[in-house]
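Survey of secondary and tertiary structure
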Amino acid sequence: MNAPNELGSTARATPTFYWSVKRELWENKSIYIAPLIVAAVVLLGALISAGHLPERRRSAMLLDEAHRRAAIELPYDIVAMVIIITAFIVGFFYCLDALYGERRERSILFWKSLPVSDPTTVLSKISIPLLVLPPIVFGITVVTQFFMLLISSAVLVPIGLAGTSWANFNLLQQSVILVYSLIVIALWHAPVYGWALLISGVARRATFLWAVLPPLAIGIFEKITFNTNYFGSMLKDRLVGAGDTAFAFQMHRGLSIDHLTPARFLSTPGLWLGLIFAAAFLFAAVRLRRYRGPL
């Protein structure tokens, strides 16, 4: 007798979660506008610097195969990196404002009056940096790289090197690497987003300072008291250390599918410890939202 009720409850929860995520996208257009602006600036820069491309390409063609590929891939890799960093900044500041904004604008009383549970609300907000931003970054990055390839081909046609960009930068293969990279980064940064979301539900003002100052104070206290830097190293690794276990890097030789190491990444204790902390932060954010009122 309980099965139909459980199925009905699940069916109601799914569209509720879906529309909660849609609401976040409607109210936070910077989620996709900021990466688009960065991509537009990159394309403008590619057009402006296109006049120097023939000279750089001739120099690249004198290198051995591995270094030539790495040199040609470099601008496209930089584009992906810049857009990914932009998305991380957007996701972090979005989480800092996600719960705080409701309380500051006193709209939390309105949202609490709707048939949407606190877990659904918090999960819909954390899904933006973890589930929504990665596909947006992927689409914008691939389209940007494709247009860069077109610009490169058009500029290099007169000197007969138009095909060298396509031969040395495999867009399909690099797209697979990009998907893997975005999954790795989302999982690795999950506790960072969870912490920001928790602070968003706790702080009464200056959410950025509340998010940054406590870890900074812990690091300074450790350094002064014990003359060690374990906490600071842990934070640095959490921000930029995902690639150490997710990829088998070879300096100056580009990145290929052979360099992906998903088994090593998934077996890293730091990954699972971070996910545990992320879950704890989200659990605390749900509990706090239940009892928090407007500012």
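Above this text is the structure in question.
A brief report on the enclosed structure follows. These figures come from a predicted structure and were not determined experimentally. (Residues numbered from 1 in each chain as written. Predicted model: local features only at pLDDT ≥ 70, side-chain atom pairs only at ≥ 80, totals over all residues. Heavy atoms only, no water.)

Looking at the overall build of the protein chain
Looking only at helices and strands, one finds 14 helices and zero strands in the protein chain. Walking the protein chain from its N terminus toward its C terminus, one meets helices and strands in the order α-α-α-α-α-α-α-α-α-α-α-α-α-α. Counting every position in the protein chain, which comprises 295 residues, the buried fraction comes to 43%. Put simply, of all contacts in the protein chain between residues at least 6 apart along the chain, 79% involve residues at least 24 apart. Summing over all exposed atoms, the protein chain offers an accessible surface of approximately 16,300 Å²; the carbon and sulfur share of this is 72%. (Helix = DSSP H or I, 4+ residues; strand = E, 2+ residues; numbered from the N terminus. Buried < 20%, exposed > 50% of the residue type's maximum accessible area, 1.4 Å probe, protein only. Contact = heavy atoms within 4.5 Å. Areas by Shrake-Rupley, 256 points an atom, 1.4 Å probe, with all protein chains shown as cover.)

Here's the deal with the packing of aromatic side chains
Evaluation of the coordinates by the stated rule reveals 13 aromatic pairs. Ring centres of Tyr76 and Phe169 lie 4.3 Å apart, and the angle between their planes is 20 degrees; on these two criteria the pair is classed as stacked. Pair noted here: Tyr76 is in helix α4 (residues 65-104) and Phe169 is in the loop between α7 (163-168) and α8 (171-188), with a separation of 93 residues, a long-range link. Across this residue pair, the class does not change: Tyr76 and Phe169 are buried. Here the aromatic cluster, defined as three or more aromatic residues joined through ring pairs, consists of Phe88, Phe92, Phe93, Tyr193 and Phe208. Sitting over the face of the ring of Trp188, Arg238 holds its NZ or CZ atom 4.2 Å from the ring centroid. (Phe/Tyr/Trp six-rings, centres within 6.5 Å; stacked < 30°, edge-to-face > 60°. Lys NZ or Arg CZ within 6 Å of the ring centre and 35° of its normal.)

Regarding the layout of surface pockets
Empty space among the atoms becomes visible once a probe the size of a water molecule is rolled across them. Roughly 690 Å³ of volume is contained in the second largest pocket. Val192, Trp195, Pro215, Leu235 and Arg238 are, among the 22 residues lining the second largest pocket, the residues nearest its centre. Mapped by element, the contributors of at least two residues to the lining of the second largest pocket are α4, α9 (190-202), α10 (207-226), α11 (230-240) and α14 (269-291). The biggest single contributor to the lining of the second largest pocket is α10, with seven residues. Considering only residue class, the lining of the second largest pocket consists of 19 nonpolar, two polar and one charged. (1 Å grid on protein atoms, 1.4 Å probe; cavity = no way out; pocket = protein on both sides within 12 Å on 5 of 7 lines; lining within 4 Å. Points joined across faces, edges and corners; volume = space filled by probe spheres on them. Nonpolar A, V, L, I, M, F, W, Y, C, P; charged D, E, K, R; others polar.)

Things to note about the pattern of salt bridges
Side chains that differ in charge, positive against negative, can pair when their charged atoms come close. All chains considered together, the criterion is met by four salt bridges. Between Glu27 and Arg23 there is a salt bridge; the shortest N-O distance is 3.4 Å. Note that Glu27 and Arg23 are positioned in helix α1 (residues 2-27) at a spacing of four residues, about one turn of the helix. We note a salt bridge from Lys125 to Glu24, for which the minimum N-O separation is 2.8 Å. Highlighted residues: Lys125 in helix α6 (residues 118-156) and Glu24 in helix α1, separated in sequence by 101 residues. Judged by its relative accessible area of 1%, Lys125 is buried. (Salt bridge = Lys/Arg side-chain N within 4 Å of Asp/Glu carboxyl O.)

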